[in-house]
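# Coordinates in review
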Amino acid sequence: MKSLPPNRIYRGDCKLILKDLIQEGIKADLIYLDPPFNSNRVYNMIFNGGGLSAQQKAFHDMWNFTERARQLTFEFTKTIDQLNDIPTSFKEFIKAWVKILEAGSTEDRKLLNYLMYMTERLVLMKRFLAPRGTIMLHCDPTASHYIKVIMDGIFGNFINEIIWYYPNASRGKKMLAKSHDVILWYSNDKIFNFNRDDILVPYESGMTEWRYTKGGQAGKDMPKGKTPDDIIKIPSINPMSKERRGYETQKPQELLEFLVKMACPNNGLVVDPFCGCGTTIAAAIVLKRNWIGVDISGDAVNEICDRIGEMKDIHLRDNCKFNVIESNPETKREYNRLNPFEKQDWLIRKINGFPNPRKSGDSGVDGEKTIHLGGDQWGKMIFSVKTGKQSSPVLIRELRGTMAQEKAEMGGLILDVEPSKEMEEKARAAGILNYKLKTSSGIAEQSFERIQILTSQEIIDGKYFIHPPTLAQKKQEQRHSGNLL
Ligand SMILES: C[S@@+](CC[C@H](N)C(=O)[O-])C[C@H]1O[C@@H](n2cnc3c(N)ncnc32)[C@H](O)[C@@H]1O
C-alpha cells in the first residue's frame, strides 16, 4: 500500500479541516459523505428506551435561520464570486436562490441555511478531489433533488444516482413505505475511477450462454459477470444487529464496502467528512485503502476509536493505525480569530456539549448535555459562555436563575478571563450534586459541584467540566459490559 498520509480521524467541523487538508496538498480518490439532513431529527446518539425529549429535539433543530446563519450566508455569497473553479451560471443561480429563499417563509429560510451549509463544504470538496477522484453524497429523498442541483453546478460530471434499497423499512398504512436512500455520485472530469471488475455480478442463468454463442466467440473465456445495477439492495441496520453501534444514522458496512471497492483504487485514499460512528473507515480498513475520517462530535470520535479497536483481525492491523487530531483552534491566538458565535459553538462542542442553535442571547443557555442522575433518572447540565471581558459575580446569579428556569441540575460558566475569588465562592455556594454509582463491589457515591467555571484557555488546554456520565458515555459503558442498549 502506498504510504500516503497516515490514516487520521479529525474531531472538528469538516469545513475547517478540508481547508487544512487542501493546504497540505492531500487529494482524495473517493469522498463519501452522509451529512445531517434537512430535518429536525436528532443525529447524535439516541439513547434506547425513550429517546430525547421534545425540548432536546428543539435544541438540535440545527437548521433554524439564526443571525449567525444569515451572516455566514451573506459572507458566502460574497466569496463565491472569487472562486475560479465554479461556473458563473452556477454562481448567479446560487445568488438568486438565496434571495428568493431569504424572502420566503421560515421553512424556506431553514432550507436556505441547509443548502448554504452544504454548498460551502461541497465547493471545498471539489478542490480536494484527486484527478480521477469521485464524490458520493448520501441523502434521503427529501433532500436529494436540491443537492443534485448544487452538485451539477459544482462538479459538473454526474455519474450515477445510486439507490440504496432497504426492504426492511417500517410500513404504515397511509402511503408507500419509505425504503430507499439516494447516493449522488459525481466527478470533476469525464474520466474517473471505476473498478468494474471488482464488482461484477453473475448473469442470470441462460444469459451468458446466449451472449457467448451469438457473439461467435466460442473458445474464449466466459465473461466474468455483468456490471451491477444502480439499485443496491441491502437491509438497513436493525436494532438487534451485531453491527449496530447505537447511531441512528449508521449505514451498513456492506453498502460502504461495495462503494469503496467500486470507486477507490487499491492504493487510494477514502475520505468521509461526516463519518459518524466510522462505517466508511471500517470499510476502508477491511479493503486496505488509506482513510481520513472527520466528525464534529467528540462522542462520534470516541465511538470510531472503539470500533477500530474492535477490528482485531491481525492482517488488518497495519491499516488500523491512525492519529486522532483535534481541530483548530489550538492556541488562544487562533481562538481569538473566531467571531463570538464561532467561539461559543467551538467551546460547547469541545466540552462535548450540544450548542443551542437559537443564539437568542437572552435565554442564557448556550449549550447543554444530558447527565445521568442514577437508575433510570436523567437530568441536564447547561452552559453559559461569556466571551470578551465579561466577568462578574452577577453571572453566577444569572446562571443559577437560568438553571432553576430550565430545571437543570448543573451549570457550567465559560469565561475568556479568569474568574474572581468572589465568583468562585458564589459558584461553590450553589452546592453539590450527589451521584450514586453501582459498581461490582457495591454502591459508590460521587459528588459534583453544581456550578463550575472554566476559562476558554483551560478548555483549549483540554480541561473539561466534571459531571456524572452523559447519555453517550453510559451507552458506551454498557456496550463494553456486553449489555447492548
Ligand atoms: C448522518 S451522520 C453520519 C453517519 C455515518 N455515515 C455512519 O454510518 O455512522 C452525520 C454525522 O455528521 C457529523 N457532523 C455534523 N456536522 C458536522 C460538521 N460540520 N463537520 C463534521 N461532522 C459533522 C455528526 O456529528 C454526525 O455524526
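For the structure itself, consult the block above.
Predicted model only: the values in this text are computed from it and were never measured.

### Let's talk about the overall build of the protein
Within the protein one finds 16 helices and 16 strands. Here the protein holds 485 residues, and 49% of them are scored as buried. Pairs at least 24 apart in sequence give 70% of the contacts found in the protein among residues at least 6 apart. By element, 51% of the accessible surface of the protein is carried by carbon and sulfur atoms, the whole surface being about 24,000 Å².

### Observations regarding the pattern of salt bridges
This structure, assessed with the given rule, holds 16 salt bridges. A salt bridge links Glu102 to Arg70, with the shortest nitrogen-to-oxygen separation between them at 2.9 Å. Of this pair, Glu102 sits in helix H4 (residues 88-102) while Arg70 sits in helix H3 (residues 67-80), and the two are 32 residues apart along the sequence. Look at Glu102 and you get partly exposed, because its relative accessible area is 30%. Residues Arg245 and Glu303 are paired through a salt bridge, measuring 2.9 Å at the closest nitrogen-oxygen approach. A residue pair is termed long-range when its members are at least 10 positions apart, and Arg245 in the loop between strand S6 (231-233) and helix H8 (253-263) and Glu303 in helix H10 (residues 298-309) qualify at 58 residues. The pair formed by Arg245 and Glu303 is uniform in burial state, with each residue classed as buried. Residues joined by salt bridges that share partners form a network here, namely Asp13, Lys15, Glu120 and Arg121.

### Quick look at the packing of aromatic side chains
Evaluated as defined, the whole model comprises twelve aromatic pairs. Between Trp291 and Phe322, the ring centres sit 5.7 Å apart and the planes meet at 45°, which makes this aromatic pair tilted. Of the two residues, Trp291 is situated in strand S8 (residues 290-295) and Phe322 in the loop between H10 and strand S9 (323-326); the sequence distance between them amounts to 31 residues. Phe322 gets classed as partly exposed once you look at its relative accessible area, which sits at 25%. With a centroid separation of 6.5 Å and 55° between ring planes, the pair formed by Tyr435 and Phe448 is classed as tilted. With a gap of 13 residues between them, Tyr435 in strand S14 (residues 432-439) and Phe448 in strand S15 (residues 442-449) connect regions that are remote in the sequence. Each member of the pair Tyr435 and Phe448 is classed as buried. Among the aromatic side chains, those forming a connected cluster through ring pairs are Phe90, Phe93, Trp97 and Tyr146. The ring of Tyr117 is capped by Arg121, whose NZ or CZ atom sits 3.8 Å from the centre of that ring.

### What to know about the site of the ligand
In the vicinity of the ligand there are 21 residues, among which Cys14, Asp34, Tyr117, Thr279 and Asp295 approach most closely. In the environment of the ligand, an oxygen atom lies 2.7 Å from a nitrogen or oxygen atom belonging to the side chain of Thr279. Interatomic distance of 2.6 Å between a side-chain N/O atom of Asp295 and an oxygen atom of the ligand. In the complex, the protein chains occlude 96% of the 610 Å² of accessible area that the ligand would expose alone.

### Quick word on helix H9 (residues 279-286)
Most of H9 is tucked away, with seven of its eight residues classed as buried. All of the buried residues along H9 are Thr279, Thr280, Ile281, Ala282, Ala283, Ala284 and Ile285. Of the residues flanking the end of H9, it is Lys288, one or two places downstream, whose phi is positive at about 55°.

### Things to note about the packing of H4 against helix H6 (residues 144-154)
Where H4 meets H6, the axes come as close as 9 Å, and the angle between the chain directions of the two elements is 150°. Considering their axes alone, H4 and H6 lie roughly antiparallel with respect to each other. Residue-level contacts link Phe90, Phe93 and Trp97 of H4 to Tyr146, Val149, Ile150, Gly153 and Ile154 of H6.

### Notes on the pairing of S8
The buried fraction of S8 amounts to six of the six residues, a majority that puts the element mostly inside the structure. With burial as the criterion, each face of S8 is covered, one bearing Asn290, Ile292 and Val294 and the other bearing Trp291, Gly293 and Asp295. Taken together, the four bridges between strand S1 (residues 8-11) and S8 define a ladder with parallel strand orientation. Directly across from Tyr10, in S8, lies its bridge partner Val294. Across four bridges, the pairing between strand S7 (residues 269-272) and S8 is parallel. Paired with Leu269 across the bridge in S8 is Asn290. Chirality of the crossover, the property in question, places the unit of S7, H9 and S8 among those that are right-handed.

### Focus: the sheet that holds strand S11 (residues 367-374)
The mixed open sheet is built from five strands, whose spatial order is S10-S11-S12-S13-S16. Only two strands of the sheet have a single neighbouring strand rather than two, namely strand S10 (354-355) and strand S16 (451-455). Seen against the sheet, helix H13 (residues 393-406) touches strand S12 (377-386), strand S13 (410-415) and S16 and runs at an angle of roughly 145° to S13. Taken strand by strand, helix H14 (residues 421-428) contacts S13 and S16, and its axis lies near 145° from that of S16.

### Quick notes on the environment of Asn188
Following the sequence through the fold, Asn188 ends up in the loop between strand S5 (180-187) and helix H7 (207-214). A sequence separation of 33 residues divides Asn188 from Phe155, and the C-alpha atoms of the two residues are 4.9 Å apart. In this structure Asn188 touches Lys126, Leu129, Gly133, Phe155 and Asn157, once residues within four positions along its chain are discounted. Here the side chain of Asn188 touches Lys126 through a polar contact of 3.2 Å, landing on its backbone oxygen.

### Regarding the pairing of strand S2 (residues 28-33)
Burial analysis of S2 places six of its six residues in the buried class, the great majority of the element. Bridge count between S2 and strand S3 (residues 129-139): five bridges; the pairing is parallel. Bridge pairing in S3 links Ile31 to Ile135. In terms of strand pairing, S2 meets S7 through two bridges, oriented parallel.

Cut-off values and rules
Residues numbered from 1 in each chain as written. Predicted model: local features only at pLDDT ≥ 70, side-chain atom pairs only at ≥ 80, totals over all residues. Heavy atoms only, no water. Helix = DSSP H or I, 4+ residues; strand = E, 2+ residues; numbered from the N terminus. Buried < 20%, exposed > 50% of the residue type's maximum accessible area, 1.4 Å probe, protein only. Contact = heavy atoms within 4.5 Å. Areas by Shrake-Rupley, 256 points an atom, 1.4 Å probe, with all protein chains shown as cover. Salt bridge = Lys/Arg side-chain N within 4 Å of Asp/Glu carboxyl O. Phe/Tyr/Trp six-rings, centres within 6.5 Å; stacked < 30°, edge-to-face > 60°. Lys NZ or Arg CZ within 6 Å of the ring centre and 35° of its normal. Near = heavy atom within 4 Å. Polar contact = N/O pair within 3.5 Å; in protein donor to acceptor, adjacent residues only side chain to side chain. Axes fitted to C-alpha atoms, helices over the stretch in contact; angles between N-to-C directions. Parallel < 35°, antiparallel > 145°, perpendicular 65-115°, else oblique. Pairing = 2+ DSSP bridges. Right-handed = clockwise from strand over helix to strand, strands pointing away.

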